[in-house]
Amino acid sequence: MPAIIGPVQIVNVGGGIVQFGDTVYISPKSASKTNAGSGAFNTGGLIVTNNGLSGTNVLDTNLIDQPIAGNN
């Protein structure tokens, strides 16, 4: 279904996808992986995290997680 778009001003895009109108698929142009232990990404005004023992498994046996070579 066609889309009619009026005036648009994008001042800053720090990542993500900006889409206007129809699309068949949206493919990623970059991929990354982040490893963190328990309680690492907590946000809020008052955080209490009690971890007796925390370990993060960073062993990755996959050769390719997100293939992006043909998405340009």
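Residues numbered from 1 in each chain as written. Predicted model: local features only at pLDDT ≥ 70, side-chain atom pairs only at ≥ 80, totals over all residues. Heavy atoms only, no water.

> Could you clarify how one ought to interpret the overall build of the chain in this entry?
A count of helical and extended segments in the chain gives 0 helices and 0 strands. Along the three orthogonal principal directions, the C-alpha set of the chain runs to about 55 × 40 × 20 Å. Counting only contacts in the chain whose residues sit at least 6 apart along the sequence, the fraction spanning at least 24 positions is 38%. A total of about 6900 Å² of accessible surface is found on the chain, and carbon and sulfur atoms cover 53% of it. (Helix = DSSP H or I, 4+ residues; strand = E, 2+ residues; numbered from the N terminus. Contact = heavy atoms within 4.5 Å. Areas by Shrake-Rupley, 256 points an atom, 1.4 Å probe, with all protein chains shown as cover.)

> Just checking my understanding: could you explain a nonpolar patch on the surface for this structure?
Among the surface-exposed residues, Ile 5, Val 8, Ile 10, Val 13, Val 18 and Phe 20 lie close enough to one another that they form a single nonpolar patch of about 520 Å² accessible area. Taking the relative accessible area as the measure of exposure, Val 18 reaches 46% and is therefore partly exposed. (Patch = residues over 30% accessible without salt bridge, like charges linked within 9 Å, V, L, I, M, F, W, Y side chains within 5 Å. Salt bridge = Lys/Arg side-chain N within 4 Å of Asp/Glu carboxyl O. Buried < 20%, exposed > 50% of the residue type's maximum accessible area, 1.4 Å probe, protein only.)

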